[in-house]
Amino acid sequence: MSARKRKRLNHDDRANILSYLILGYTIPQIADRMQWAPSTIYREVSRNLQKKLKHRKRKCSLLSKRYYVCNQCPKHPTCQRGKIYYNLKMAIDDAHRKKHASHMGPRATEEQIKLVDKRIGEGTRKGQSLEYIYHFNEDLHFVSCLTIRRWIENGILSTKRAQLRRARRYAKKYRNGNRGKGPDLSTNTLKLNRTYTDFLEYTEGRDDFILVELDSVEGTMKSKSMLLTMMFVSSGFQIGRKYDKETASESVLAHVTEAMRAILPYVGEREVILLSDNGKEFSVLPLVEKEDRRISVFFTNPYKATDKPHCERNHEYFRYVCPKGHSFDSWTQEEIDFIFSNINSYARNELNWKRPYDLFIEPFTKEAAKALGISEIDANDVDLASEF
């Protein structure tokens, strides 16, 4: 392994730490494989622990070990004792906050700020532009003109933006919830040789596999829950599973594993290929391959929803029931299953007016659909208008 050149852990390093913890590596082993000092990994894990000890009277003996976390335990999904997790989302968010906090506010001294305020105030009262004032006052050149403009817009100086000559109106940039650029986890060791190009090469000329597209649906920015959707492309059959944002990657892995156990008895020798995006919730998805040799996992290109269009397109029906801006926090899994039962019982023109439910049970049987929480609904009783 080549020697690292960075001084700080990045998003990929934190994703790899979580991956190694889930695989059962100790912190000294993780430090050795990643070529970081053990103290660095110890601090990273200890700073980002999520404790779930409320109403849990029984304490696991493993937690008495120093820096032991439940990510390392294969029994944690079903364990009823108090738990302590290394939280990847908390780690990434905390690092992002600290990084940006170090760049906030002016770095100039109080005397320098007073000097700038005086010069700019004198110039604007004379009708001078900001660029003009800056050009003819060399004692202001310890900062840029753009920085001074930023100070004015942020209220650091007494001069108001409206007092500037030819003050420009900048369009406000809106962010679509918290789905900004986000951390790049594409170099996660679990994602090697699983790119979309690898997927195309792997499936070229083949028809002996079942493609399942995975995606996440967000309710509101402040909601604690999200929805995992899994779509069987050949039939248009889709299911949904609610998961907690705080333990997204572990919950998604558990839900996908459960779904695979329900359908594998009906697959025969065919392969099940899972295709998901590069979201943080799918960072440890390749671990599901341990469940059966017939399971393979691949990832789409970053920010390329068209690589898995069927799953994205089918969300239209879900949005009939739950428009954007509605939280899933109060929903139960039974209600979610009922929504997707209606969606899967809805016949479509692109399926020659067949229902996804009927196309799914042909190879998988009704028992498999029932195991996934989906039941058949009569055509006249299908309801895509009700909101819970």
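Anything mentioned here points back to the structure above.
Quick look at the structure, then. (Residues numbered from 1 in each chain as written. Predicted model: local features only at pLDDT ≥ 70, side-chain atom pairs only at ≥ 80, totals over all residues. Heavy atoms only, no water.)

### Considerations on the overall build of the protein
For the protein, the helix and strand inventory stands at twelve helices and seven strands. The buried share among the 388 residues of the protein stands at 46%. Of all intrachain contacts in the protein linking residues separated by at least 6 positions in sequence, the fraction that spans at least 24 positions is 65%. Accessible surface computed for the protein: about 22300 Å², of which carbon and sulfur atoms make up 50%. (Helix = DSSP H or I, 4+ residues; strand = E, 2+ residues; numbered from the N terminus. Buried < 20%, exposed > 50% of the residue type's maximum accessible area, 1.4 Å probe, protein only. Contact = heavy atoms within 4.5 Å. Areas by Shrake-Rupley, 256 points an atom, 1.4 Å probe, with all protein chains shown as cover.)

### Some details on the layout of surface pockets
Looking at the second largest pocket, its volume works out to about 490 Å³. Surrounding the second largest pocket, 17 residues form its lining, P74, H76, P77, L253 and T257 being those nearest its centre. Considering every element that reaches the lining of the second largest pocket, the biggest residue donor is helix α9 (residues 248–263), with five residues. The class makeup of the residues in the lining of the second largest pocket is eight nonpolar, five polar and four charged. (1 Å grid on protein atoms, 1.4 Å probe; cavity = no way out; pocket = protein on both sides within 12 Å on 5 of 7 lines; lining within 4 Å. Points joined across faces, edges and corners; volume = space filled by probe spheres on them. Nonpolar A, V, L, I, M, F, W, Y, C, P; charged D, E, K, R; others polar.)

### As for the sheet that holds strand β3 (residues 209–218)
Read from one edge of the open sheet, five strands run β5-β4-β3-β6-β7, paired in mixed fashion. Edge positions in the sheet fall to β5 (237–244) and β7 (295–299), since each of these pairs with one other strand and no more. The average angle at which neighbouring strand axes cross in this sheet is 25°, direction not considered. When β3 meets strand β6 (residues 271–276), the two strands line up parallel, connected through five bridges. (Pairing = 2+ DSSP bridges. Axes fitted to C-alpha atoms, helices over the stretch in contact; angles between N-to-C directions.)

### A few points about helix α3 (residues 38–47)
Residues of α3 that are buried include every one of T40, I41, E44 and V45, and no others. End-on, the buried residues of α3 take up no more than an arc of 125°, which puts them together on one face. (Arc of directions from axis to C-beta.)

### A few points about the packing of helix α2 (residues 27–34) against α3
Orientation of α2 relative to α3, taken along the N-to-C sense of each, is 120°, at an axis distance of 8 Å. Considered as vectors, α2 and α3 are oriented oblique to each other. Considering the relative orientation of α2 and α3, their crossing is right-handed. Contacts from I27, P28, I30 and A31 of α2 reach α3 at P38, I41, Y42 and V45. Considered class by class, the residues forming the contact of α2 with α3 number eight nonpolar, no polar and no charged. (Parallel < 35°, antiparallel > 145°, perpendicular 65-115°, else oblique. Left-handed = near helix turned anticlockwise from the far one by under 90°.)

### A short note on the pairing of β6
Counting buried residues along β6, six of its six residues qualify, which places the element largely inside the surrounding structure. Bridge count for β6 against β7 is five bridges, and the pairing is parallel. Looking across to β7, one finds that V272 is bridged to I295.

### Here we look at the pairing of β5
With six of its eight residues buried, β5 lies for the most part within the structure. Here strand β4 (residues 225–232) pairs with β5 via eight bridges, running antiparallel. Paired with M231 across the bridge in β5 is Q238. Hairpin connection of β4 to β5: four residues between the antiparallel strands, including G236 at a positive phi of 75°.

### What to know about the packing of helix α5 (residues 110–125) against helix α7 (residues 145–153)
Across the interface, α5 lies against α7 with an axial gap of 12 Å and an inter-helix angle of 85°. As far as their axial angle goes, α7 and α5 are roughly perpendicular. On α7, the residues that touch I113, V116 and I120 of α5 are I148, W151 and I152. A per-class count over the contact of α5 with α7 returns six nonpolar, no polar and no charged.

### Let's talk about the side chain of E250
Relative to the elements of secondary structure, E250 occurs in helix α9. In this structure, E250 is in contact with L18, N71, H76, Y85 and Y86, ignoring residues within four places of it in sequence.

### Digging into helix α1 (residues 11–22)
When the terminal C-alpha atoms of α1 are compared, their 17 Å separation across twelve residues agrees well with the 16 Å that a helix rising 1.5 Å per residue should span. Taking burial as the measure, the twelve residues of α1 include ten buried ones, the bulk of the element. Among the residues of α1, D12, D13, R14, A15, N16, I17, L18, S19, Y20 and L21 are the ones counted as buried. With a side-chain oxygen lying 3.1 Å from the backbone nitrogen of D12, the N-terminal cap of α1 falls on N10. G24 sits one or two residues past α1 and shows a positive phi near 95°. (Expected span 1.5 Å × (residues − 1). Polar contact = N/O pair within 3.5 Å; in protein donor to acceptor, adjacent residues only side chain to side chain.)

### Looking at the environment of R8
Within the element layout of this structure, R8 appears in the segment before α1. Residues R8 and T40, spaced 32 residues apart in sequence, show a C-alpha to C-alpha distance of 9.2 Å. Sequence-distant contacts of R8, defined by excluding residues within four places in its chain, comprise D13 and W36.

### What to know about the packing of aromatic side chains
We describe a pair of aromatic rings using the distance from one ring centre to the other and the angle between the two ring planes. Scanning the entire structure with this criterion turns up 14 aromatic pairs. Relative to F360, the ring of F232 has its centre 5.2 Å away and its plane inclined at 65°; by these criteria the two rings are edge-to-face. Taken together, the residues F232 in strand β4 and F360 in helix α12 (residues 356–371) connect sequence positions 128 residues apart. Each member of the pair, F232 as well as F360, is classed as buried. (Phe/Tyr/Trp six-rings, centres within 6.5 Å; stacked < 30°, edge-to-face > 60°.)

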